[in-house]
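A look at the structure
This is what each chain is made of:
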Amino acid sequence: MLRLPQTQWLTVARTGAARYQSSSARPTTGDEYQYLQRSKIPMLHFQPSLPRLPIPLLPKTCERYLAAQEPLLGGDAFQQTKKVVDQFREEDGPKLQTLLKEFDAQNKHTSYISEPWFDMYLRDRAPLPLNYNPLLMMNPDPRPEYNDQLLRTTNLIISSLRFMRSLRARCLEPEVYHMNPAKSDTAKFRTITSLMPSFVSTYAAYAFKAFPLDMSQYHGLFGATRIPELEKDRIYRNETSRHLLVLRNGNMYAVDVLDESGNIEQPATLMARFERILNDGRPPAANPLGLLTTENRDTWAKARNHLTQLGSNAKSLELVDSALFCLCLDETTIDPNNPIPAIRNFLFGDGTNRWFDKSFSLIVARDGTTGINFEHSWGDGVAVLRYFQEIFKETTTAQFANAGLKGAQAESRGVTPIEFTVDEAIQTALSTAENNHNSVIDSLDMNFMKYEGMNKNFCKQQRISPDSIMQLGFQLAFYKQHGQFVGTYESCSTAAFRHGRTETMRPCTMATKEFCLESQRRTGERKSDSELREMLNRCSTVHGQLTKDAAMGQGFDRHLFGLRHTAQKNGLPIPALYADAAYAAINHNILSTSTLSSPALLAGGFGPVVRDGYGIGYNIQDSYLGTVVSSYRPHRNGREFVDCLREAYEDIAKVLKATGPPPKGK
């Protein structure tokens, strides 16, 4: 089965993004407290007119597939794969293409990839931690007093609930990517597009060079849980719940955060309830059931089925499943000079203070360090990133709970411990889960690199793509370490289309291969700096075209996936292309990469998608290039890879600095 990368990131400039001024006191009555935004443009205004995800032309897909295979294969192997692809293009592919188009024409409300993609996630039996759930770690509040665990938790929860209420009332700002925010993220844009009928509104936005994005996944953020079942999981959603699932020391609580009318409780009330949990003298849970969510999905399904048969556990699980989201109050802290222990804890931890099945978990450590660990089957990273950035901005500039606020202790009711009956079978399952989880995380190595010799501004000055430079660094580092080129995955959102998901970019190209080979020749045999610079420019140009193709739904990975799924669904023979060793190799993504650049982000991470691979979460900041690399021992040496990566960026920086930016117009 094709293994998915853990996530994809998309940085967007939002229509009418909230602009706040720091305030010592904000009203906590009326809509100003209950809603994060009251958008002039209805939240789903653009949705009916979003274009449909295109099905690429079969010859183009074959051409792009061969271009991605060429740098990975030797001459004879490439010629063999070319024969297989030619046969697919002329014989098997056209019939499958026709069937796929027929299916697409009958399902105009969605995209051709949406249903099989959801299905693939839910059928995979691999444990969620490391295999799927990624991590976003938030920057601290610039005001030290607001990093107090209780105070930051209170503010984060208030802003989360304001986001949720705006989402459910459909008054959240629509998600829009602006090519030039100064010209399109304006009152004029909002007025004109809001007056246009929904069925043409997206095209009106295009006139401003603004691109509305699909928001169909947003409803999966709150009140949702992935329920383990044999062979295929299901997503459970509850639109009426008023409580959070809160975990501390493995103990579980249901905490009411909305009143009986569905309004957000007052800051002092919420603070009192979280303070009650932080002051709860209960020892760490003897049977932390969150460990079961780290297991193989079939194993967990069987254990959960047994668990529901004991006592009143079915009602307890309903409290867990229906919660708006999960809040994990941790006892850890972060060392700014070595964030890896905190990243490890937030990404997977020991499993005792997590419920990995929830749509997302907001984690707040003892020193206020905050992160989001999210379950991936319900959607991609766009909705999570939007939520992440909104709550960071509001809580650090226009919070509702101010330093010095005291909890209203009379309001501390509304906290209900969630109790479970546990028998010997469940205790055995917990012990097994703990051992399995520990054996995996003990073999996982994580390394962090912060390279300050290049950054976003430097790349822009050099008129070269920052993302292409980072991706080229990964290719060069792996070549330095292993002397070869391997299947590489970079995710790209297709959210500009209705029910778009992601497309794969293949950053290992003939351009990157040629640069890596040339740059590693001995001095005297190597090309001049100016010639190397031309090769760098070529890498950036090719990378830019791949990015454009992927974002426009013109990659090859999802198309080939859809064609294979079509064959399986229609009981047709699977074409020889999918049995070719080269197809298996390119989908064995040894380098799985994903990026996020956001002022809210401290770090992001995920696990490798294959045992002998690297999981590379990276961000391109104004002052540095940052990378978190995960790998499994003894299959890969992550420390050595990071050292090679630093050398790679130094090699690239030398060429750029020696040659300077190209003349304008080139």
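Residues numbered from 1 in each chain as written. Predicted model: local features only at pLDDT ≥ 70, side-chain atom pairs only at ≥ 80, totals over all residues. Heavy atoms only, no water.

Taken as a whole, this structure holds 36 salt bridges when the rule is applied. The closest approach of N and O atoms between glutamate 394 and arginine 26, which form a salt bridge, is 3.4 Å. Residue glutamate 394 is found in helix 13 (residues 381-397), and its partner arginine 26 is found in the segment before helix 1 (31-34); the two are separated by 368 residues along the sequence. Look at arginine 26 and you get buried, because its relative accessible area is 16%. In this structure, a network of salt bridges that share partners links the residues Arg125, Arg226, Asp233, Arg297, Asp298, Asp357 and Glu375. (Salt bridge = Lys/Arg side-chain N within 4 Å of Asp/Glu carboxyl O. Helix = DSSP H or I, 4+ residues; strand = E, 2+ residues; numbered from the N terminus. Buried < 20%, exposed > 50% of the residue type's maximum accessible area, 1.4 Å probe, protein only.)

Counted under the stated rule, the structure contains 9 cavities of 30 Å³ or more. Empty space within the largest cavity amounts to approximately 80 Å³. What lines the largest cavity is Asp214, Gln217, Tyr218, Asp380, Val382, Ala383, Ser493, Ala495, Gly500 and Arg501. Broken down by class, the residue content of the lining of the largest cavity amounts to 4 nonpolar, 3 polar and 3 charged. (1 Å grid on protein atoms, 1.4 Å probe; cavity = no way out; pocket = protein on both sides within 12 Å on 5 of 7 lines; lining within 4 Å. Points joined across faces, edges and corners; volume = space filled by probe spheres on them. Nonpolar A, V, L, I, M, F, W, Y, C, P; charged D, E, K, R; others polar.)

Read across the open sheet, the 6 strands follow the order 12-18-17-15-13-14; overall the sheet is mixed. Since the sheet does not close on itself, it has two edges, and those belong to strand 12 (444-451) and strand 14 (502-505), each with one partner. Taking the axes of each pair of neighbouring strands and ignoring which way they run, one obtains an average angle of 25° across the sheet. Alignment of strand 13 (residues 488-493) against strand 14, held across 4 bridges, turns out to be antiparallel. Looking at strand 14, one finds that serine 491 is bridged to threonine 504. Lying over the sheet, helix 21 (residues 638-659) contacts strand 12, strand 15 (591-595), strand 17 (614-620) and strand 18 (625-632), oriented at roughly 20° with respect to strand 12. (Pairing = 2+ DSSP bridges. Axes fitted to C-alpha atoms, helices over the stretch in contact; angles between N-to-C directions. Contact = heavy atoms within 4.5 Å.)

Next up on the list: the packing of helix 10 (residues 297-308) against helix 14 (residues 424-443). Working note: a packed helix pair is described by the angle between its axes plus the distance between those axes. Relative orientation of the contacting elements helix 10 and helix 14 amounts to 150°, with a least axis distance of 10 Å. It follows from the interaxial angle that helix 10 and helix 14 lie roughly antiparallel. Our pair here, helix 10 against helix 14, has a crossing hand that is left-handed. The segment helix 10 lies against helix 14, with Ala303, His306 and Leu307 engaging Ala425, Ile426 and Ala429. (Parallel < 35°, antiparallel > 145°, perpendicular 65-115°, else oblique. Left-handed = near helix turned anticlockwise from the far one by under 90°.)

Once that is clear, we can look at the UniProt feature "active site" (unreviewed entry) in the protein chain. Under the feature "active site" (unreviewed entry), the UniProt entry names His376. By the element assignment, histidine 376 lies in the loop between strand 10 (370-374) and helix 13. For histidine 376, a relative accessible area of 1% corresponds to the buried category. (UniProt positions renumbered as here; feature names shortened; annotations may be inferred.)

Quick look at the UniProt feature "domain: Choline/carnitine acyltransferase" (unreviewed entry) in the protein chain now. Here, the residues flagged by UniProt with the feature "domain: Choline/carnitine acyltransferase" (unreviewed entry) are residues 53-647. Its end C-alpha atoms 40 Å apart, residues 53-647 is made of 44% helix and 15% strand.

For the rest of this paragraph, the subject is the layout of surface pockets. Its boundaries defined by the atoms lining it, the second largest pocket holds a volume of some 500 Å³. Here the lining of the second largest pocket gets 7 residues from one element, more than from any other, and that element is helix 18 (residues 529-551).

Okay, the packing of aromatic side chains next. For the structure on display, the rule yields 23 aromatic pairs. A centroid spacing of 5.5 Å and a plane angle of 75° characterise the contact between tyrosine 65 and phenylalanine 556, whose relative ring orientation is edge-to-face. Of this pair, tyrosine 65 sits in helix 2 (residues 58-69) while phenylalanine 556 sits in the loop between helix 18 and helix 19 (557-569); the two residues are 491 residues apart in sequence, bridging distant segments of the chain. One exposure class covers both tyrosine 65 and phenylalanine 556, and it is buried. A network of ring pairs unites the aromatic residues Tyr65, Phe88, Phe556, Tyr578 and Tyr583 as a single cluster. Just above the ring of tyrosine 35 sits the side chain of arginine 38; from NZ or CZ to the centre is 4.4 Å. (Phe/Tyr/Trp six-rings, centres within 6.5 Å; stacked < 30°, edge-to-face > 60°. Lys NZ or Arg CZ within 6 Å of the ring centre and 35° of its normal.)

Let's shift gears to the pairing of strand 13. In the case of a regular strand, side chains alternate between the two sheet surfaces. A large share of strand 13 lies buried, amounting to 6 of its 6 residues. Across 3 bridges, strand 13 lies against strand 15 in parallel orientation. Across the sheet, threonine 488 pairs through a bridge with leucine 591, a residue of strand 15.

Geometrically, the link from arginine 633 to proline 634 is a cis peptide bond, its omega value of 0° lying close to zero. With respect to the helices and strands, the residue proline 634 is situated in the loop between strand 18 and helix 21. Look at arginine 463: it is not a glycine, yet its phi comes out positive at around 55°. As for its placement among the helices and strands, arginine 463 is situated in the loop between helix 15 (456-461) and helix 16 (466-482). On the accessibility criterion, arginine 463 (38% relative accessible area) is partly exposed. Positioned with a positive phi, histidine 499 is a non-glycine residue whose angle comes to about 55°.

Further remarks concern the environment of leucine 128. Counting through the fold element by element, leucine 128 comes out in the loop between helix 4 (114-123) and strand 1 (135-138). With 167 residues separating them in the primary sequence, leucine 128 and glutamate 295 have C-alpha atoms 7.7 Å apart.

Okay, the nonpolar core next. In terms of nonpolar packing, the biggest core is built from 58 residues, with Ile157, Leu221, Phe222, Val257, Phe274, Leu362 and Tyr387 touching the most fellow members. Here this core spans two domains, and each of domain 1 (58-109 + 452-659) and domain 2 (133-172 + 218-443) adds at least three residues to it. Apart from residues lying up to four places away in sequence, phenylalanine 222 is in contact with Ser160, Phe163, Met164, Leu167, Arg168, Leu324, Phe325, Ser359, Phe360 and Tyr387. Ranked by size, the runner-up nonpolar core spans 44 residues in total, among them Phe485, Ala511, Cys539 and Leu625. (Core = buried A, V, L, I, M, F, W, Y, C linked by side-chain atoms within 4.5 Å. Domains from an automatic or database assignment.)

This paragraph deals with the sheet that holds strand 11 (residues 415-417). Taken in spatial order, the 8 strands of this open sheet run 11-7-6-8-9-10-1-16, and their pairing is mixed. Of all strands in the sheet, those with a lone pairing partner are strand 11 and strand 16 (601-605), marking the two edges. Across the sheet, the mean angle separating the axes of adjacent strands is 25° when strand polarity is ignored. Of the pairings in the sheet, the one linking strand 1 to strand 10 comprises 4 bridges and is antiparallel in character. The residue bridging methionine 137 from the neighbouring strand is glycine 371, located in strand 10. Against the sheet, helix 9 (residues 267-278) contacts strand 6 (243-248), strand 7 (251-256), strand 8 (326-329) and strand 11, and its axis sits at roughly 165° relative to strand 7.

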